[in-house]
Amino acid sequence: MAMCSSSSSSSSQKTWIVHGILAGAAIAAAIGAHAYLGRTRKFRSRVVGIIPARYASSRFEGKPLVKILGKPMIQRTWERTKLATTLDHVVVATDDERIAECCRGFGADVIMTSESCRNGTERCNEALEKLEKKYDVVVNIQGDEPLIDPEIIDGVVKALQVTPDAVFSTAVTPLKPEDGVDPNRVKCVVDNRGYAIYFSRGLIPYNKSGKVNPDFPYMLHLGLQSFDSKFLKVYSELQPTPLQQEEDLEQLKVLENGFKMKVIKVDHEAHGVDSPDDVEKIESLMRERNLS
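We now turn to the structure provided with this report. Along each chain, residue indices are assigned from 1 in the same order as the chain's sequence is written. Totals for whole chains, interfaces and linings use all residues, but because this is a predicted model, local features are given only for residues with pLDDT of at least 70 and pairs of side-chain atoms are given and counted only at 80 or more. Here the side-chain values reflect all heavy atoms present in the structure, with hydrogen atoms and water set aside.

A word on the overall build of the chain. Helix and strand definitions here come from DSSP, where helices need a minimum of 4 consecutive H or I residues and strands a minimum of 2 consecutive E residues; each element is numbered from the N-terminal end. On a plain count of helices and strands, the chain comes out with ten helices and eleven strands. Each residue gets one of three labels from its accessible area relative to the maximum for its type: buried under 20%, exposed over 50%, partly exposed in between, using a 1.4 Å probe on protein chains only. With 292 residues in all, the chain has 52% of them scored as buried. Computed by Shrake-Rupley with a 1.4 Å probe, the accessible areas treat only the displayed protein chains as cover when residues are assessed. Summed over its atoms, the accessible surface of the chain is roughly 13600 Å², and 50% of this surface lies on carbon and sulfur atoms.

As structure tokens, then:
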């Protein structure tokens with residue numbers, strides 16, 4: 001992600017965030033989860049940020065340790081995350097000792113997790129269970145976002161805190177038309193009350209022409225997400241769902257089981273690191289914004 005460089009851009013972003021905040025076995029588990037959360041719901045005051053990081057990656061092995069202007073990417077992400085005012089604690093969750101050693105070296109708290117975790121959400125859940133303190137909200141922060149904006153982290157947390165019927169919150173931003181058919185750019189559609197309807201790697205909504213409409217406000221999912229901590233445990237117990245598996249998007253399991261997901265809209269440019277080629281782009285952006 002890239003942080004807005006001017007005060008007017010920052011003000012615009014804050015306005016978007018505030019607007020977003022205000023404006024079988026799986027079935028059985030989901031029914032039980034709804035009842036469980038309904039009985040125990042309360043104000044979600046204690047918040048932990050967890051940065052899941054793994055060394056193995058089919059597209060970019062060792063990605064968390066790649067240097068971004070001299071610092072490991074995981075350190076860049078951790079430093080930006082620490083600036084969020086809503087987080088009471090920040091930890092890195094990893095299954096690799098190389099990443100753990102690096103993180104301890106720059107002062108991060110590390111939780112070692114199992115190699116069997118299938119995704120970042122399951123890694124967050126395992127880390128949560130190993131933490132000594134109890135938390136109401138868990139923020140899953142992508143480790144490959146060295147320019148993550150702390151204001152957006154705060155916006156996602158506050159959205160969940162003021163929406164008691166949601167168990168999950170996330171952020172979207174306007175999608176560039178040229179990214180409309182890129183499967184690495186996850187799209188999202190939202191209802192009039194700010195709840196997610198669907199996420200897809202394909203173009204949504206899809207019109208009759210089959211082409212990207214340059215005048216339509218498509219939305220890009222930023223990947224940052226927060227969970228009610230009780231729901232996070234429930235999530236890991238739910239069986240994989242058809243849409244989740246077909247799209248390879250873990251947030252769809254939340255929607256397929258009937259849970260509500262709050263979405264905030266932010267005016268923000270996403271800059272994650274998906275491949276080695278992205279490193280140079282990130283470094284150029286950091287130099288432009290004097291963030292080195």
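Having seen the model, we can carry on.
This paragraph deals with unusual backbone geometry. Cis geometry is adopted by the peptide bond preceding Pro 205, which originates at Ile 204 and carries an omega value of -5°. The residue Pro 205 is located in the loop between strand E9 (196–200) and strand E10 (219–228) in this model. Non-glycine residue Leu 69 carries a positive phi angle of around 50°. Structurally, Leu 69 can be placed in the loop between strand E2 (67–68) and strand E3 (71–72). Leu 69 sits in the partly exposed class, given a relative accessible area of 22%.

Let's shift gears to the state of the cysteines. Whenever a pair of cysteine sulfur atoms sits within 2.5 Å, that pair is classed as a disulfide. Here the structure, examined in full by the defined rule, presents zero disulfides. Left unpaired, Cys 103 is separated from the closest cysteine sulfur, that of Cys 102, by 5.2 Å. On the accessibility criterion, Cys 103 (0% relative accessible area) is buried.

Another point: the pairing of strand E6 (residues 137–140). Alternating residues of E6 divide into Val 137 and Val 139 and Val 138 and Asn 140, and every residue in both groups is buried. One ladder, built from four bridges, connects strand E1 (residues 47–53) with E6; its direction is parallel. Opposite Val 48, over in E6, you have Val 138 as the bridge partner. Both E6 and E10 contribute to a ladder of four bridges, which runs antiparallel. Its bridge partner being in E10, Asn 140 is matched across the sheet by Gln 225. Pairing between strands requires that DSSP locate at least two bridges from one strand to the other.

Another point: the environment of Val 138. Tracing the backbone through its elements, the reader meets Val 138 in strand E6. It is 9.9 Å that separates the C-alpha atoms of Val 138 and Val 90, two residues lying 48 residues apart in sequence. The contact definition used throughout considers only heavy atoms, calling two residues in contact when any of these lie within 4.5 Å. In this structure Val 138 touches Val 48, Ile 50, Cys 124, Leu 128, Gln 225, Ser 226, Phe 227, Ser 229 and Leu 232, once residues within four positions along its chain are discounted.

A separate point is the packing of helix H5 (residues 120–130) against helix H7 (residues 229–237). Interhelical geometry of H5 versus H7 gives an angle of 120° and a closest axis separation of 9 Å. Between H5 and H7, the angle is such that the two are oblique. The handedness of the crossing between H5 and H7 is left-handed. Between H5 and H7, the residues in contact are Thr 121, Glu 122, Cys 124, Asn 125 and Leu 128 and Ser 229, Leu 232, Lys 233, Tyr 235 and Ser 236, respectively. When residues are sorted by character, Ala, Val, Leu, Ile, Met, Phe, Trp, Tyr, Cys and Pro go into the nonpolar class, Asp, Glu, Lys and Arg into the charged class, and all the rest, Gly among them, into the polar class. When its residues are assigned to classes, the contact of H5 with H7 shows four nonpolar, four polar and two charged. Axis lines are fitted to C-alpha atoms, over the contacting stretch for helices. Their N-to-C directions set the angle, which ranges from 0 to 180 degrees. Angle categories: roughly parallel below 35 degrees, roughly antiparallel above 145, roughly perpendicular from 65 to 115, and oblique for all the rest. The crossing is said to be left-handed when, going from far helix to near helix, the turn is anticlockwise and less than a right angle, and right-handed when the turn is clockwise.

This paragraph deals with helix H10 (residues 277–288). Within H10, burial applies to Asp 278, Val 279, Ile 282, Glu 283, Leu 285 and Met 286. Seen from one end, H10 has its buried residues packed into an arc of 160°, which puts them on one side. Along H10, the residues that are exposed and aim more than 90 degrees away from the buried face are Asp 277, Glu 280, Lys 281, Arg 287 and Glu 288. On the buried face of H10, the contacting elements are E2 and helix H3 (73–81). In the stretch just after H10, Asn 290 is the one whose phi turns positive, near 55°. Taken from the helix axis, the directions to the C-beta atoms give the arc we talk about.

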